[in-house]
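Working through the structure, step by step
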Number of protein chains: 4
Amino acid sequence: MSKTRLEAFSDGVMAVAITLLVLNLHVTPSAHASLALQLAARWPSFAAFGVSFLVVGVIWINHHTVLGTVRQVDRLLLFYNLLLLAFVVSVPFATSTLAGYLANGKATDLHLAVLLYGGTMTAMAISYTLLFARATSSLASASQRWPPSRRAAVARFGVGVVVYPAVALLGLLSAPLMLLVYAGLSLYYMFNQTGTQETDLD
Amino acid sequence: MSKTRLEAFSDGVMAVAITLLVLNLHVTPSAHASLALQLAARWPSFAAFGVSFLVVGVIWINHHTVLGTVRQVDRLLLFYNLLLLAFVVSVPFATSTLAGYLANGKATDLHLAVLLYGGTMTAMAISYTLLFARATSSLASASQRWPPSRRAAVARFGVGVVVYPAVALLGLLSAPLMLLVYAGLSLYYMFNQTGTQETDLD
Amino acid sequence: MSKTRLEAFSDGVMAVAITLLVLNLHVTPSAHASLALQLAARWPSFAAFGVSFLVVGVIWINHHTVLGTVRQVDRLLLFYNLLLLAFVVSVPFATSTLAGYLANGKATDLHLAVLLYGGTMTAMAISYTLLFARATSSLASASQRWPPSRRAAVARFGVGVVVYPAVALLGLLSAPLMLLVYAGLSLYYMFNQTGTQETDLD
Amino acid sequence: MSKTRLEAFSDGVMAVAITLLVLNLHVTPSAHASLALQLAARWPSFAAFGVSFLVVGVIWINHHTVLGTVRQVDRLLLFYNLLLLAFVVSVPFATSTLAGYLANGKATDLHLAVLLYGGTMTAMAISYTLLFARATSSLASASQRWPPSRRAAVARFGVGVVVYPAVALLGLLSAPLMLLVYAGLSLYYMFNQTGTQETDLD
């Protein structure tokens, strides 16, 4: 019961955050710029929308995989979950900022926007790893399902804690490349994550 | 359990997307234009709101019919579902763009807005067909319930993949007519879709 | 299961719609108008926010009471539910329009805004009555729980179909009075509606 | 069942409200102010976002603890719940108002914004206490689980009814200090609240 509501609230927050991303997409009829020109000029918004949608969507998928194995919810797990959600909720802000400065901004501003976006990704990776470690540790004592692969799984997420900020640094050279790599990382974590039987179904 | 959260997240995203449509409706007290004039000038917003609400509402209904028959959720199903949701989330953007250029825009801009709207509808039809095929295929091996009518049902959705872009082309002649046809298609898919016993209740 | 998702989606839409009401509340730091002056000038926004929040909240409560008695969901029920949700989603628009013209608008504009608000309330009452009649009729054949009081309950909602537009006409004389009466009606329907044992607990 | 939907609706409203907080965060590329300057000038928005996110998140956690012990939902409980949600939904407005006047506003305006924010916190504390008292009283007759500690728990929340407005008065001296104390109170209520076995897991 407790877990059901944790999932329902998390699903709700992630569903709202992922949908608010669309608020960054808008064009206004104008005598000076055709729709085609406006859409072309706003390509960073569409690219960032796609990548952020994928990132949050995959976080949701993995969130449900992790919580699917939890038997008892404690306050620390709730706290880590709230931390993760706080950064998920920040994604629309980081996304619109990056898109705005990618469309028209000075290099120094764009660099800061890149670090803001990459920092949000990194913060999500860190809080997700904390959540994952807590979820599987409380589970370790209660079941025999995770322990064999837990060390490997935690390590795999731990790698994310190093890789995500590294990708942000890559973004200082090329922001579009950063977006591509974050999208690729999400696809990797989507199809190749936990080693549970769910992945065997692909 | 896994399926419950897939449904909860999808319900959440679709509920938010369908409600965000209303953000496109707004009037501002003005000394120059009466409320009646403003409402009249904004008829495309109301028409597009109604049609898009119906389209997303019916996608939700059929989504729940399809998932109701799924027994096991795999990563590919999750991916197709995320793809469908990405286009559902884009509907408020496509809707407000179409409404904006329908109210005041040049013909070439309106044509592009029509294609954007029709393209979003088509992308939803394609990703829904992918989701449907995956859902019923993973089911086919697990139960004997769908196989008899599965080919017919997949074909019926496959038709949508052809019809939806055709309606968009029709929209190049008349955008309001396109909206009417999309509304009609949604009503058709609402009341006459799967051949399961649910429809027998009407 | 089917009913669970109907409830989840409806809960989601109503939760988003009720929360979007707050987007109509905002003040901007200004050198010309103190915060106190701005809050005072915006009293219609706060009043309309409170009333609309109560109205949607009570619709949610009664929605869950009605659906709580449904055993089988059919397509017509889904359609009436979608109709109800379409008008629920329109409430933030009707609310912000009324508040805007109540704060500063000509009498004719305000009258139209009043009719828009009252019309939305009436449309919700009608679609709720349709939903209620359908929900209890499909139930009538399946159980013996509702029939005794069903006629009375449908009549009580049928009265709403007459009362709600009448209150809108009252609003042509005084919009604040209309808001007060709608709030009172919601409180009445909240505490004195269905005659089921739930109300006995008060 | 009834309780399930109460939780689902409350989760939805709180999830939307907590996510709407992010709408207050936005920067616009500008030739006059670098991104770094804009982020620095907007520190109150980020601070208020963090505190309000924590406050609403902890209210959600405690809400689910309280409702987890309820066996029967009555109309008065629904009313108190609706009251709590009305103030939760007001948090984004109170937050953006406080942040706006903290960034640039006269002292008198800021004082009023502080009282608005503290008043919202106080109203949440009062309605939460009402909800808690009602939830545990209806439970008291049905089970033996809460009675022993109920008096203490109600008292602990009752203290909040005094402390929350006191912190608002503190905010008249220093608004940032007020935010810090509200964050601290939330952390206290998060990790040390109900005395149920859930807290034992920390």
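Residues numbered from 1 in each chain as written. Chains lettered and ligands numbered in written order. Predicted model: local features only at pLDDT ≥ 70, side-chain atom pairs only at ≥ 80, totals over all residues.

1. Considerations on the overall build of chain A
- A count of helical and extended segments in chain A gives eight helices and zero strands.
- The long-range fraction of contacts in chain A, counting pairs at least 24 apart against all pairs at least 6 apart in sequence, stands at 80%. (Helix = DSSP H or I, 4+ residues; strand = E, 2+ residues; numbered from the N terminus. Contact = placed C-beta atoms within 7 Å.)

2. Looking at the interface of chain C and chain B
- Counting residues at the interface gives 32 residues for chain C and 30 residues for chain B.
- Every element with two or more residues in the side of chain C that touches chain B is listed here: helix H1 (2–20), helix H4 (75–103) and helix H5 (107–140) of chain C.
- In terms of residue count, H4 of chain C provides more of the side of chain C that touches chain B than any other element does, 14 residues in total.
- A class-by-class count of the residues in the side of chain C that touches chain B yields 18 nonpolar, 10 polar and four charged. (Nonpolar A, V, L, I, M, F, W, Y, C, P; charged D, E, K, R; others polar.)

3. A closer look at the packing of helix H3 (residues 43–67) of chain B against helix H4 (residues 75–103) of chain B
All names here are of chain B.
- Across the interface, H3 lies against H4 with an axial gap of 9 Å and an inter-helix angle of 160°. It follows that H3 is roughly antiparallel to H4 by the angle criterion. By crossing handedness, the relation of H3 to H4 is classed as right-handed. Touching Pro44, Ser45, Ala48, Phe49, Ser52, Val56 and Ile59 of H3 are Val88, Val91, Thr95, Leu98, Ala99, Leu102 and Ala103, all from H4.
- Considering only residue class, the contact of H3 with H4 consists of 11 nonpolar, three polar and no charged. (Axes fitted to C-alpha atoms, helices over the stretch in contact; angles between N-to-C directions. Parallel < 35°, antiparallel > 145°, perpendicular 65-115°, else oblique. Left-handed = near helix turned anticlockwise from the far one by under 90°.)

4. Things to note about the interface of chain D and chain A
- With 30 residues of chain D at the contact, the number on the chain A side is 32 residues.
- For the side of chain D that touches chain A, the secondary structure elements donating two or more residues are helix H1 (2–20), helix H2 (35–41), helix H3 (43–67), helix H7 (175–191) and helix H8 (197–200) of chain D.
- Per-element accounting of the side of chain D that touches chain A gives the leading share, nine residues, to H1 of chain D.
- In terms of residue class, the side of chain D that touches chain A is built from 17 nonpolar, nine polar and four charged.

5. Observations regarding the nonpolar core
- In this structure, Val88 of chain A, Val88 of chain B, Val88 of chain C together with Val88 of chain D are the most contacted members of the largest nonpolar core, which totals 288 residues.
- Not counting chain neighbours up to four residues away, the residues in contact with Val88 of chain A comprise Val13, Met14, Ala17, Val56, Ile59 and Met124 of chain A. (Core = buried A, V, L, I, M, F, W, Y, C linked by C-beta atoms within 7 Å. Buried ≥ 20, exposed ≤ 12 C-beta atoms within 10 Å, placed from the backbone.)

6. A few points about the environment of Thr69 of chain B
- Along the polypeptide, Thr69 of chain B turns up in the loop between H3 and H4.
- In this structure the C-alpha to C-alpha distance between Thr69 of chain B and Ala41 of chain B, which are 28 residues apart in sequence, comes to 45 Å.

7. Thoughts on the relation of the copies chain D and chain A
- Take chain D, turn it by 90°, move it 0.0 Å along the axis, and it overlays chain A with an RMSD of 0.0 Å. The transformation relating the two chain copies, once decomposed into turn and shift, fits a four-fold axis.
- Of the residues that chain D buries at the interface, just 10% are likewise interface residues in chain A, meaning the two copies contact each other through different surfaces. (Least-squares fit on C-alpha atoms with pLDDT ≥ 70 in both.)

8. Remarks on the relation of the copies chain C and chain B
- Least-squares fitting of chain C to chain B yields an RMSD of 0.0 Å, with the transformation described by 0.0 Å of translation along the axis and a rotation of 90°.
- Counting the interface residues of chain C, we find that no more than 9% of their copies in chain B are interface residues as well, pointing to two distinct contact surfaces.

9. What to know about the environment of Glu7 of chain C
- Mapping Glu7 of chain C onto the fold places it in helix H1.
- Along the backbone, Glu7 of chain C and Trp60 of chain C are 53 residues apart, and their C-alpha atoms lie at a distance of 10.0 Å.
- Those residues in contact with Glu7 of chain C that sit more than four places away from it in its chain are His64 and Leu67 of chain C together with Arg5 of chain D.

10. Structural notes on helix H7 (residues 175–191) of chain A
Residues and elements named next belong to chain A.
- Taking 1.5 Å as the rise per residue, H7 with 17 residues should run 24 Å; its terminal C-alpha atoms sit 25 Å apart, in good agreement.
- Restricting attention to buried positions, one finds in H7 the residues Ala175, Met178, Leu179, Tyr182, Ser186, Tyr189 and Met190. With its buried residues spanning 115° around the axis, H7 presents them on a single face. (Expected span 1.5 Å × (residues − 1). Arc of directions from axis to C-beta.)

11. Quick notes on H3 of chain B
- Between its terminal C-alpha atoms H3 of chain B stretches 36 Å, which fits the 36 Å expected from 25 residues at 1.5 Å a residue.
- The element H3 of chain B is extensively covered by neighbouring structure, given that 20 of its 25 residues are classed as buried.

12. A few points about the confidence of the model for chain A
- For chain A, per-residue confidence averages 84 on the pLDDT scale, and residues scoring 70 or more make up 86% of the total.
- When mean pLDDT is compared element by element in chain A, helix H4 (residues 75–103) of chain A scores highest at 93, while helix H8 (residues 197–200) of chain A scores lowest at 36. (pLDDT = per-residue confidence, 0-100.)

13. Thoughts on the environment of Tyr101 of chain B
- Checked against the element boundaries, Tyr101 of chain B lands in helix H4.
- Sequence separation between Tyr101 of chain B and Gly119 of chain B is 18 residues; the distance between their C-alpha atoms is 16 Å.
- Apart from the residues within four sequence positions on either side, Tyr101 of chain B is in contact with Pro29 and Leu35 of chain A together with Asp109, Leu110 and Ala113 of chain B.

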